[in-house]
Amino acid sequence: MNFAGVIGQIKSGDYLDKARVRRIAVIYLLVSLVSFAVLLASSDGFKDRLGRPLGTDFMAFHVAGGVANAEGGAAAFDAQKQYAEHQRALGEETPPFWPYLYPPAFLFVAMALASLPYLAGWFVWMGATLSLYAGAMQKLAPGGLAALLALSLPAVYSNFLHGQNGFLIAALFAFGLHSLFAGRSIIAGIALGLIAIKPQYGLLIPVALAAGGCWRAFAAASACVAAQIIVPALAFGPEVWTGFFETMRSARTEIVEAGAIGFEKIQSVFAQARLLGAPVSLAYALQGAVALSLGVALFRLWRGKAAPEIKGAGLIIAAILATPYAVDYDLVILAPAMAFLIREGLKAGFLPYEKTILLFAAFAPVIARGIGSATHISLGMLALVALFSLVLRRAR
(Lines give C-alpha, C1' and ligand atoms only; values in the text may rest on other atoms or scores of the structure.)
Protein backbone atom coordinates (compact mmCIF):
# COMPACT_ATOMS: atom_id res chain seq x y z
CA MET A 1 0.00 0.00 0.00
CA ASN A 2 1.41 3.43 -0.95
CA PHE A 3 1.62 6.44 1.37
CA ALA A 4 -1.63 7.93 0.10
CA GLY A 5 -3.35 4.63 0.73
CA VAL A 6 -2.07 4.51 4.32
CA ILE A 7 -3.31 8.04 4.98
CA GLY A 8 -6.65 7.12 3.45
CA GLN A 9 -6.98 4.16 5.81
CA ILE A 10 -6.07 6.30 8.82
CA LYS A 11 -8.63 8.88 7.75
CA SER A 12 -11.46 6.46 7.05
CA GLY A 13 -10.68 4.02 9.86
CA ASP A 14 -11.73 1.16 7.59
CA TYR A 15 -8.85 -0.96 8.94
CA LEU A 16 -10.78 -1.07 12.24
CA ASP A 17 -13.54 -3.43 11.21
CA LYS A 18 -15.47 -5.39 13.84
CA ALA A 19 -13.37 -8.55 13.50
CA ARG A 20 -10.07 -6.70 13.93
CA VAL A 21 -11.36 -4.69 16.87
CA ARG A 22 -12.46 -7.92 18.56
CA ARG A 23 -9.04 -9.52 17.96
CA ILE A 24 -7.19 -6.52 19.38
CA ALA A 25 -9.44 -6.52 22.45
CA VAL A 26 -9.06 -10.25 23.07
CA ILE A 27 -5.28 -10.12 22.67
CA TYR A 28 -4.89 -7.19 25.03
CA LEU A 29 -7.21 -8.74 27.61
CA LEU A 30 -5.26 -12.01 27.51
CA VAL A 31 -1.95 -10.18 27.82
CA SER A 32 -3.32 -8.28 30.82
CA LEU A 33 -4.53 -11.47 32.52
CA VAL A 34 -1.20 -13.23 31.96
CA SER A 35 0.69 -10.18 33.22
CA PHE A 36 -1.46 -10.12 36.33
CA ALA A 37 -0.88 -13.83 36.95
CA VAL A 38 2.89 -13.30 36.64
CA LEU A 39 2.69 -10.32 39.01
CA LEU A 40 0.92 -12.39 41.65
CA ALA A 41 3.20 -15.40 41.17
CA SER A 42 6.34 -13.27 41.55
CA SER A 43 5.04 -11.49 44.68
CA ASP A 44 5.24 -12.60 48.30
CA GLY A 45 1.52 -12.13 48.74
CA PHE A 46 1.89 -8.49 49.72
CA LYS A 47 4.86 -6.94 47.91
CA ASP A 48 5.76 -7.31 44.25
CA ARG A 49 9.28 -8.18 43.12
CA LEU A 50 10.24 -4.48 43.28
CA GLY A 51 9.21 -4.27 46.92
CA ARG A 52 6.02 -2.27 46.32
CA PRO A 53 2.69 -3.33 47.83
CA LEU A 54 0.34 -4.97 45.36
CA GLY A 55 -2.24 -2.43 44.29
CA THR A 56 0.27 0.36 45.10
CA ASP A 57 -2.14 3.33 45.50
CA PHE A 58 -4.60 1.14 47.41
CA MET A 59 -2.04 1.35 50.20
CA ALA A 60 -3.23 4.94 50.81
CA PHE A 61 -6.86 3.80 51.23
CA HIS A 62 -6.00 0.89 53.50
CA VAL A 63 -3.61 2.89 55.70
CA ALA A 64 -5.93 5.91 56.06
CA GLY A 65 -8.88 3.65 56.83
CA GLY A 66 -6.87 1.80 59.46
CA VAL A 67 -5.72 5.02 61.12
CA ALA A 68 -9.31 6.35 61.09
CA ASN A 69 -10.61 3.11 62.64
CA ALA A 70 -8.01 3.32 65.41
CA GLU A 71 -7.77 7.05 66.11
CA GLY A 72 -10.69 8.82 64.42
CA GLY A 73 -11.30 10.40 61.05
CA ALA A 74 -9.16 13.50 61.53
CA ALA A 75 -6.09 11.33 62.24
CA ALA A 76 -6.38 9.83 58.76
CA PHE A 77 -5.11 13.13 57.31
CA ASP A 78 -2.05 13.23 59.59
CA ALA A 79 0.88 12.47 57.28
CA GLN A 80 3.12 11.39 60.15
CA LYS A 81 0.57 8.85 61.38
CA GLN A 82 0.10 7.60 57.82
CA TYR A 83 3.84 7.22 57.31
CA ALA A 84 4.31 5.40 60.61
CA GLU A 85 1.68 2.91 59.43
CA HIS A 86 3.54 2.55 56.11
CA GLN A 87 6.70 1.73 58.07
CA ARG A 88 4.92 -0.86 60.14
CA ALA A 89 3.05 -2.50 57.25
CA LEU A 90 6.01 -2.58 54.86
CA GLY A 91 8.60 -3.40 57.52
CA GLU A 92 10.94 -0.67 56.32
CA GLU A 93 12.44 2.37 57.99
CA THR A 94 12.11 4.64 54.93
CA PRO A 95 9.42 3.09 52.70
CA PRO A 96 7.73 4.86 49.77
CA PHE A 97 4.77 6.99 50.82
CA TRP A 98 1.30 6.87 49.27
CA PRO A 99 -0.57 9.82 50.86
CA TYR A 100 -4.34 9.84 51.31
CA LEU A 101 -5.71 12.63 49.07
CA TYR A 102 -9.49 12.12 49.14
CA PRO A 103 -12.33 14.01 50.84
CA PRO A 104 -13.58 12.93 54.28
CA ALA A 105 -16.69 11.23 52.82
CA PHE A 106 -14.48 8.62 51.16
CA LEU A 107 -13.15 7.67 54.60
CA PHE A 108 -16.28 5.57 55.16
CA VAL A 109 -15.19 3.37 52.24
CA ALA A 110 -11.54 3.35 53.35
CA MET A 111 -12.49 2.35 56.90
CA ALA A 112 -14.59 -0.56 55.66
CA LEU A 113 -11.77 -1.77 53.40
CA ALA A 114 -9.22 -1.43 56.20
CA SER A 115 -11.25 -3.86 58.32
CA LEU A 116 -10.11 -6.55 55.87
CA PRO A 117 -6.56 -7.88 55.40
CA TYR A 118 -4.69 -5.83 52.80
CA LEU A 119 -4.86 -8.26 49.88
CA ALA A 120 -8.50 -9.13 50.57
CA GLY A 121 -9.37 -5.44 50.76
CA TRP A 122 -7.70 -4.78 47.41
CA PHE A 123 -9.56 -7.64 45.71
CA VAL A 124 -12.89 -6.63 47.26
CA TRP A 125 -12.39 -3.00 46.22
CA MET A 126 -11.35 -3.85 42.68
CA GLY A 127 -14.01 -6.53 42.28
CA ALA A 128 -16.82 -4.29 43.52
CA THR A 129 -15.88 -1.20 41.51
CA LEU A 130 -15.01 -3.17 38.36
CA SER A 131 -18.46 -4.80 38.56
CA LEU A 132 -20.11 -1.37 38.90
CA TYR A 133 -18.09 -0.12 35.94
CA ALA A 134 -18.97 -3.12 33.77
CA GLY A 135 -22.66 -2.85 34.67
CA ALA A 136 -22.80 0.89 33.99
CA MET A 137 -21.03 0.46 30.65
CA GLN A 138 -23.60 -2.16 29.64
CA LYS A 139 -26.28 0.48 30.24
CA LEU A 140 -24.60 2.66 27.63
CA ALA A 141 -23.66 -0.07 25.18
CA PRO A 142 -25.28 -3.48 25.69
CA GLY A 143 -23.88 -6.61 24.13
CA GLY A 144 -20.95 -8.98 24.24
CA LEU A 145 -18.56 -6.99 22.04
CA ALA A 146 -19.27 -3.80 23.99
CA ALA A 147 -18.54 -5.63 27.26
CA LEU A 148 -15.29 -7.00 25.81
CA LEU A 149 -14.19 -3.52 24.74
CA ALA A 150 -15.06 -2.03 28.12
CA LEU A 151 -13.04 -4.66 30.01
CA SER A 152 -10.09 -4.75 27.62
CA LEU A 153 -9.58 -0.98 27.53
CA PRO A 154 -5.88 -0.57 28.47
CA ALA A 155 -6.61 1.93 31.23
CA VAL A 156 -8.72 -0.74 32.97
CA TYR A 157 -5.63 -2.84 33.70
CA SER A 158 -3.67 0.23 34.77
CA ASN A 159 -6.38 1.32 37.20
CA PHE A 160 -6.63 -2.24 38.56
CA LEU A 161 -2.89 -2.46 39.20
CA HIS A 162 -2.94 0.87 41.06
CA GLY A 163 -5.99 -0.09 43.15
CA GLN A 164 -7.47 3.28 42.28
CA ASN A 165 -11.07 4.54 42.16
CA GLY A 166 -11.27 5.21 38.42
CA PHE A 167 -13.77 2.36 37.92
CA LEU A 168 -16.11 4.01 40.40
CA ILE A 169 -15.84 7.48 38.83
CA ALA A 170 -16.36 6.04 35.33
CA ALA A 171 -19.41 4.10 36.57
CA LEU A 172 -20.88 7.22 38.20
CA PHE A 173 -20.45 9.23 34.99
CA ALA A 174 -21.92 6.44 32.87
CA PHE A 175 -24.86 5.66 35.14
CA GLY A 176 -25.52 9.32 35.94
CA LEU A 177 -25.64 10.44 32.32
CA HIS A 178 -27.61 7.37 31.21
CA SER A 179 -30.18 8.12 33.92
CA LEU A 180 -30.29 11.81 33.01
CA PHE A 181 -30.96 11.14 29.35
CA ALA A 182 -33.60 8.55 30.33
CA GLY A 183 -35.46 11.17 32.38
CA ARG A 184 -34.49 9.88 35.85
CA SER A 185 -33.23 13.25 37.04
CA ILE A 186 -32.99 12.60 40.79
CA ILE A 187 -31.03 9.37 40.39
CA ALA A 188 -28.82 11.08 37.82
CA GLY A 189 -28.11 13.98 40.17
CA ILE A 190 -27.17 11.66 43.03
CA ALA A 191 -24.80 9.66 40.81
CA LEU A 192 -23.16 12.79 39.41
CA GLY A 193 -22.97 14.34 42.88
CA LEU A 194 -21.08 11.33 44.21
CA ILE A 195 -18.25 12.19 41.82
CA ALA A 196 -17.29 14.71 44.51
CA ILE A 197 -15.31 11.87 46.12
CA LYS A 198 -12.75 12.81 43.46
CA PRO A 199 -13.64 16.49 43.29
CA GLN A 200 -11.34 17.61 40.47
CA TYR A 201 -13.56 15.71 38.02
CA GLY A 202 -16.81 17.31 39.13
CA LEU A 203 -16.07 20.98 38.52
CA LEU A 204 -17.86 21.26 35.16
CA ILE A 205 -20.89 19.14 36.04
CA PRO A 206 -22.87 22.16 37.37
CA VAL A 207 -22.10 24.05 34.14
CA ALA A 208 -23.53 21.26 31.99
CA LEU A 209 -26.62 20.69 34.13
CA ALA A 210 -27.40 24.41 34.33
CA ALA A 211 -26.88 24.94 30.60
CA GLY A 212 -29.13 21.99 29.81
CA GLY A 213 -31.83 23.21 32.18
CA CYS A 214 -31.53 19.98 34.20
CA TRP A 215 -32.56 21.69 37.43
CA ARG A 216 -33.91 18.64 39.26
CA ALA A 217 -30.64 16.82 38.62
CA PHE A 218 -28.75 19.97 39.60
CA ALA A 219 -30.63 20.13 42.91
CA ALA A 220 -30.13 16.42 43.62
CA ALA A 221 -26.40 16.68 42.85
CA SER A 222 -26.09 19.74 45.09
CA ALA A 223 -27.87 17.95 47.94
CA CYS A 224 -25.60 14.94 47.48
CA VAL A 225 -22.48 17.10 47.67
CA ALA A 226 -23.84 18.91 50.73
CA ALA A 227 -24.41 15.56 52.44
CA GLN A 228 -20.81 14.59 51.69
CA ILE A 229 -19.71 17.76 53.47
CA ILE A 230 -22.02 17.58 56.49
CA VAL A 231 -22.10 13.85 57.30
CA PRO A 232 -18.31 13.42 57.76
CA ALA A 233 -18.21 16.55 59.95
CA LEU A 234 -20.93 15.07 62.14
CA ALA A 235 -19.32 11.63 62.21
CA PHE A 236 -15.68 12.63 62.73
CA GLY A 237 -15.87 16.23 63.94
CA PRO A 238 -15.32 19.43 61.93
CA GLU A 239 -11.55 19.09 62.36
CA VAL A 240 -11.62 16.37 59.71
CA TRP A 241 -12.07 19.12 57.13
CA THR A 242 -9.14 21.09 58.53
CA GLY A 243 -6.96 18.03 58.02
CA PHE A 244 -8.26 17.52 54.50
CA PHE A 245 -7.57 21.11 53.41
CA GLU A 246 -4.06 20.96 54.87
CA THR A 247 -3.46 17.75 52.92
CA MET A 248 -4.73 19.45 49.76
CA ARG A 249 -2.34 22.37 50.28
CA SER A 250 0.60 19.99 50.56
CA ALA A 251 -0.59 17.96 47.56
CA ARG A 252 -0.91 21.10 45.45
CA THR A 253 2.63 22.30 46.16
CA GLU A 254 4.44 18.95 46.23
CA ILE A 255 2.57 16.78 43.72
CA VAL A 256 0.83 19.11 41.28
CA GLU A 257 3.31 22.00 41.16
CA ALA A 258 6.63 20.28 41.97
CA GLY A 259 5.74 17.01 40.24
CA ALA A 260 6.69 14.68 43.08
CA ILE A 261 5.17 11.68 41.24
CA GLY A 262 6.60 12.76 37.86
CA PHE A 263 4.93 15.11 35.41
CA GLU A 264 5.01 12.36 32.78
CA LYS A 265 2.31 10.53 34.77
CA ILE A 266 -0.05 13.53 34.87
CA GLN A 267 -2.07 14.01 31.67
CA SER A 268 -3.02 17.68 31.81
CA VAL A 269 -2.20 20.98 30.15
CA PHE A 270 -0.52 22.07 33.40
CA ALA A 271 1.75 19.00 33.47
CA GLN A 272 2.54 19.36 29.76
CA ALA A 273 3.66 22.92 30.36
CA ARG A 274 5.80 21.84 33.33
CA LEU A 275 7.30 18.99 31.27
CA LEU A 276 8.45 21.62 28.77
CA GLY A 277 10.02 23.72 31.53
CA ALA A 278 7.32 26.36 32.01
CA PRO A 279 7.20 28.08 35.43
CA VAL A 280 4.32 27.28 37.74
CA SER A 281 2.58 30.62 37.12
CA LEU A 282 2.56 30.16 33.33
CA ALA A 283 1.41 26.54 33.65
CA TYR A 284 -1.50 27.65 35.84
CA ALA A 285 -2.36 30.44 33.40
CA LEU A 286 -2.49 28.00 30.49
CA GLN A 287 -4.53 25.48 32.48
CA GLY A 288 -6.91 28.23 33.60
CA ALA A 289 -7.39 29.48 30.05
CA VAL A 290 -8.14 25.95 28.83
CA ALA A 291 -10.56 25.31 31.71
CA LEU A 292 -12.40 28.56 31.00
CA SER A 293 -12.61 27.76 27.29
CA LEU A 294 -13.91 24.29 28.09
CA GLY A 295 -16.54 25.75 30.39
CA VAL A 296 -17.78 28.08 27.67
CA ALA A 297 -17.74 25.34 25.02
CA LEU A 298 -19.53 22.92 27.34
CA PHE A 299 -22.19 25.49 28.22
CA ARG A 300 -22.89 26.09 24.53
CA LEU A 301 -22.88 22.34 23.82
CA TRP A 302 -25.43 21.54 26.53
CA ARG A 303 -27.48 24.64 25.67
CA GLY A 304 -27.70 23.53 22.05
CA LYS A 305 -29.42 20.70 20.23
CA ALA A 306 -26.59 18.18 19.95
CA ALA A 307 -27.42 14.51 20.48
CA PRO A 308 -27.36 13.32 24.11
CA GLU A 309 -24.38 11.09 23.28
CA ILE A 310 -22.35 14.12 22.20
CA LYS A 311 -23.33 16.12 25.27
CA GLY A 312 -22.40 13.21 27.55
CA ALA A 313 -19.06 12.62 25.85
CA GLY A 314 -18.30 16.34 25.95
CA LEU A 315 -18.92 16.60 29.68
CA ILE A 316 -16.70 13.64 30.57
CA ILE A 317 -13.80 14.67 28.34
CA ALA A 318 -13.98 18.31 29.45
CA ALA A 319 -14.14 17.24 33.10
CA ILE A 320 -10.80 15.44 32.76
CA LEU A 321 -9.14 18.06 30.56
CA ALA A 322 -10.13 20.96 32.84
CA THR A 323 -8.19 19.76 35.89
CA PRO A 324 -4.42 20.18 36.33
CA TYR A 325 -4.25 16.80 38.08
CA ALA A 326 -5.38 13.83 35.98
CA VAL A 327 -3.10 10.80 36.29
CA ASP A 328 -2.81 8.31 33.43
CA TYR A 329 -4.70 5.52 35.23
CA ASP A 330 -7.62 7.93 35.65
CA LEU A 331 -8.17 7.87 31.89
CA VAL A 332 -10.36 4.81 32.41
CA ILE A 333 -12.96 7.53 33.07
CA LEU A 334 -12.90 8.13 29.31
CA ALA A 335 -14.60 4.76 28.72
CA PRO A 336 -18.20 6.08 28.84
CA ALA A 337 -17.24 9.07 26.68
CA MET A 338 -15.77 6.75 24.06
CA ALA A 339 -18.87 4.56 24.26
CA PHE A 340 -21.04 7.63 23.60
CA LEU A 341 -18.92 8.60 20.57
CA ILE A 342 -18.98 5.06 19.17
CA ARG A 343 -22.76 4.92 19.63
CA GLU A 344 -23.14 8.15 17.68
CA GLY A 345 -20.70 6.97 15.03
CA LEU A 346 -22.61 3.73 14.50
CA LYS A 347 -25.85 5.69 14.28
CA ALA A 348 -24.80 8.64 12.12
CA GLY A 349 -21.54 7.48 10.53
CA PHE A 350 -17.97 8.05 11.71
CA LEU A 351 -16.19 11.31 10.96
CA PRO A 352 -12.82 11.37 9.17
CA TYR A 353 -10.03 10.20 11.52
CA GLU A 354 -12.59 9.46 14.28
CA LYS A 355 -11.89 5.73 14.55
CA THR A 356 -8.14 6.33 14.57
CA ILE A 357 -8.45 8.98 17.28
CA LEU A 358 -10.54 6.58 19.38
CA LEU A 359 -7.86 3.90 18.99
CA PHE A 360 -5.16 6.40 19.96
CA ALA A 361 -7.15 7.48 23.02
CA ALA A 362 -7.61 3.84 24.04
CA PHE A 363 -3.88 3.06 24.08
CA ALA A 364 -2.47 6.46 25.12
CA PRO A 365 -2.72 5.76 28.89
CA VAL A 366 -0.39 2.74 28.78
CA ILE A 367 2.36 4.42 26.77
CA ALA A 368 2.01 7.97 28.06
CA ARG A 369 4.56 7.65 30.89
CA GLY A 370 7.32 6.23 28.71
CA ILE A 371 6.71 8.68 25.88
CA GLY A 372 6.44 11.58 28.34
CA SER A 373 9.76 10.70 29.96
CA ALA A 374 11.52 10.34 26.61
CA THR A 375 9.99 13.23 24.65
CA HIS A 376 8.31 15.52 27.22
CA ILE A 377 5.08 15.15 25.25
CA SER A 378 1.89 14.20 27.11
CA LEU A 379 0.05 11.70 24.92
CA GLY A 380 -2.89 11.48 27.31
CA MET A 381 -3.44 15.22 27.15
CA LEU A 382 -3.23 15.13 23.35
CA ALA A 383 -5.77 12.30 23.27
CA LEU A 384 -8.16 14.34 25.41
CA VAL A 385 -7.79 17.36 23.12
CA ALA A 386 -8.37 15.20 20.04
CA LEU A 387 -11.48 13.61 21.54
CA PHE A 388 -12.95 16.96 22.54
CA SER A 389 -12.33 18.23 19.01
CA LEU A 390 -14.45 15.30 17.78
CA VAL A 391 -17.23 16.36 20.13
CA LEU A 392 -17.15 19.93 18.81
CA ARG A 393 -17.12 18.74 15.20
CA ARG A 394 -20.16 16.56 15.82
CA ALA A 395 -21.94 19.35 17.68
CA ARG A 396 -21.51 21.59 14.64
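How each quantity is defined
Residues numbered from 1 in each chain as written. Predicted model: local features only at pLDDT ≥ 70, side-chain atom pairs only at ≥ 80, totals over all residues. Heavy atoms only, no water. Helix = DSSP H or I, 4+ residues; strand = E, 2+ residues; numbered from the N terminus. Rg over C-alpha atoms; globule rule 2.2 N^0.38 Å. Buried < 20%, exposed > 50% of the residue type's maximum accessible area, 1.4 Å probe, protein only. Contact = heavy atoms within 4.5 Å. Axes fitted to C-alpha atoms, helices over the stretch in contact; angles between N-to-C directions. Parallel < 35°, antiparallel > 145°, perpendicular 65-115°, else oblique. Left-handed = near helix turned anticlockwise from the far one by under 90°. Nonpolar A, V, L, I, M, F, W, Y, C, P; charged D, E, K, R; others polar. Expected span 1.5 Å × (residues − 1). Patch = residues over 30% accessible without salt bridge, like charges linked within 9 Å, V, L, I, M, F, W, Y side chains within 5 Å. Areas by Shrake-Rupley, 256 points an atom, 1.4 Å probe, with all protein chains shown as cover. Salt bridge = Lys/Arg side-chain N within 4 Å of Asp/Glu carboxyl O. Phe/Tyr/Trp six-rings, centres within 6.5 Å; stacked < 30°, edge-to-face > 60°.

> Please clarify how the overall build of the protein chain should be interpreted in this entry.
From N to C terminus, the protein chain includes 19 helices and 0 strands. Taking 2.2 N^0.38 as the reference for a compact globule, 396 residues should give roughly 21 Å; the C-alpha atoms of the protein chain span a radius of gyration of 21 Å, in line with that estimate. Its C-alpha atoms put the protein chain at 60 × 50 × 45 Å along the principal axes. Counting over 396 residues, the protein chain shows a buried share of 51%. Contacts spanning at least 24 positions in sequence make up 71% of the contacts within the protein chain whose residues lie at least 6 apart.

> Would you take a moment to explain helix 8 (residues 154–162) for this structure?
Each α-helix turn comprises 3.6 residues. Residues three or four places apart therefore point the same way. Of all 9 residues that make up helix 8, 8 are buried, and the element is covered over most of its length. Taken as a whole, helix 8 has its buried residues at Pro 154, Ala 155, Val 156, Tyr 157, Ser 158, Asn 159, Phe 160 and His 162. Taken together, the buried residues of helix 8 touch helix 2 (18–41), helix 3 (58–71), helix 6 (118–140), helix 7 (144–152), helix 9 (166–181) and helix 18 (354–375). At the exit of helix 8 stands Gly 163, carrying a positive phi of roughly 65°.

> In this structure, what is going on with the packing of helix 3 against helix 4 (residues 79–90)? I would like to understand it.
How two helices pack is summed up by the angle between their axes together with the distance between the axes. Where helix 3 meets helix 4, the axes come as close as 10 Å, and the angle between the chain directions of the two elements is 110°. As summarised for this structure, helix 3 and helix 4 are arranged roughly perpendicular, according to the angle between their axes. Seen from above, helix 3 lies across helix 4 with right-handed handedness. Taken together, the residues of helix 4 that come into contact with helix 3 (itself represented by Met 59, Val 63, Val 67 and Glu 71) are Lys 81, Gln 82, Glu 85, His 86, Ala 89 and Leu 90. When grouped by side-chain class, the residues that make up the contact of helix 3 with helix 4 number 5 nonpolar, 2 polar and 3 charged.

> Would you mind going over helix 15 (residues 280–303) with me for this structure?
Here helix 15 spans 34 Å end to end across 24 residues, near enough to the 34 Å set by a 1.5 Å rise per residue. Among the residues of helix 15, those classed as buried are Ala 283, Gln 287, Leu 294, Gly 295, Ala 297, Leu 298, Leu 301 and Trp 302.

> Looking at this model, I keep getting lost on a nonpolar patch on the surface. Mind explaining?
Taken together, the side chains of Leu 276, Val 366, Ile 367, Ile 371, Ile 377 and Leu 382 make up a nonpolar region of the molecular surface, amounting to roughly 460 Å² of accessible area. Per-element accounting of the nonpolar patch gives the leading share, 3 residues, to helix 18. In this structure, Ile 371 sits in helix 18. A residue is classified by how much of its surface remains accessible, and Ile 371, at 32% relative accessible area, is partly exposed.

> Is there a simple way to think about the environment of Ala 260 in this case?
Secondary-structure assignment places Ala 260 in the loop between helix 13 (239–257) and helix 14 (269–275). Discounting chain neighbours no more than four positions away, the residues touching Ala 260 are Glu 254 and Ile 255.

> Even after reading the chapter, I still don't get the packing of aromatic side chains, so can you show me in this structure?
Here a ring pair, both rings aromatic, is described through the centre-centre distance and the interplanar angle of the planes. One pass over the full model with this rule turns up 27 aromatic pairs. Each ring, one from Phe 46 and one from Tyr 118, has its centre 5.0 Å from the other, and the planes form 80°; the classification is edge-to-face. One end of the pair, Phe 46, is in the loop between helix 2 and helix 3; the other, Tyr 118, is in helix 6, with 72 residues separating them in the sequence. Residue classification places Phe 46 among the buried residues on the basis of a relative accessible area of 18%. With relative accessibility at 9%, the residue Tyr 118 sits in the buried group. Relative to Phe 244, the ring of Phe 77 has its centre 5.9 Å away and its plane inclined at 75°; by these criteria the two rings are edge-to-face. A residue pair is termed long-range when its members are at least 10 positions apart, and Phe 77 in the loop between helix 3 and helix 4 and Phe 244 in helix 13 qualify at 167 residues. Look at Phe 77 and you get buried, because its relative accessible area is 7%. For Phe 244, a relative accessible area of 6% puts it in the buried group.

> What is the right way to read the pattern of salt bridges from this model?
Note on pairing: side chains with opposite charge can pair once their charged atoms come close. Within this structure, the stated rule accounts for 12 salt bridges. Of the charged contacts in the structure, one is a salt bridge between Glu 85 and Arg 88, with a shortest N-O distance of 2.6 Å. Here Arg 88 and Glu 85 lie together in helix 4, a separation of 3 residues that amounts to about one turn. Note on Glu 85: relative accessible area 24%, which makes it partly exposed. By relative accessible area, Arg 88 is classed as exposed at 58%. Residues Arg 249 and Glu 246 are paired through a salt bridge, measuring 2.8 Å at the closest nitrogen-oxygen approach.

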